[in-house]
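Tertiary structure, described
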Amino acid sequence: MFLGLQWYWWLAIAAALIVSIPFKVKFMRWWSERQQEKKGRRGRWGEDE
């Protein structure tokens, strides 16, 4: 098979990628909100954290 892996390993890898996509999207949204929150705090109170 391709790169020496059997078909079922490719199926397992594809399934893991498909399952991980929603978690990545959720994490990216959370990270974006966190960055916006940090930026908002810095703008209100100056550079000190």
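Described in the following lines is the structure provided in the data block.

Reading the values: rules and limits
- Residues numbered from 1 in each chain as written.
- Predicted model: local features only at pLDDT ≥ 70, side-chain atom pairs only at ≥ 80, totals over all residues.
- Heavy atoms only, no water.
- Helix = DSSP H or I, 4+ residues; strand = E, 2+ residues; numbered from the N terminus.
- Buried < 20%, exposed > 50% of the residue type's maximum accessible area, 1.4 Å probe, protein only.
- Phe/Tyr/Trp six-rings, centres within 6.5 Å; stacked < 30°, edge-to-face > 60°.
- Patch = residues over 30% accessible without salt bridge, like charges linked within 9 Å, V, L, I, M, F, W, Y side chains within 5 Å.
- Areas by Shrake-Rupley, 256 points an atom, 1.4 Å probe, with all protein chains shown as cover.
- Salt bridge = Lys/Arg side-chain N within 4 Å of Asp/Glu carboxyl O.

**A look at the overall build of the chain**
- Along the backbone of the chain there are 1 helix and 0 strands.
- Considering the chain as a whole, with its 49 residues, one finds that 0% of them fall into the buried category.

**Comments concerning the packing of aromatic side chains**
- Applying the stated criterion to the full structure yields 5 aromatic pairs.
- Relative to Trp9, the ring of Tyr8 has its centre 5.9 Å away and its plane inclined at 45°; by these criteria the two rings are tilted.
- The interplanar angle of 55° and the centroid separation of 5.9 Å between the aromatic rings of Trp30 and Trp31 together place this pair among those described as tilted.
- Here the aromatic residues Trp7, Tyr8 and Trp9 are joined through ring pairs into a cluster of three or more.

**So, a nonpolar patch on the surface**
- Together, Trp7, Tyr8, Trp9 and Leu11 make up a nonpolar patch on the protein surface, roughly 510 Å² of accessible area in all.
- Along the chain, the position of Tyr8 falls in helix α1 (residues 7–45).
- Classification of Tyr8 by relative accessible area gives partly exposed; the value is 43%.

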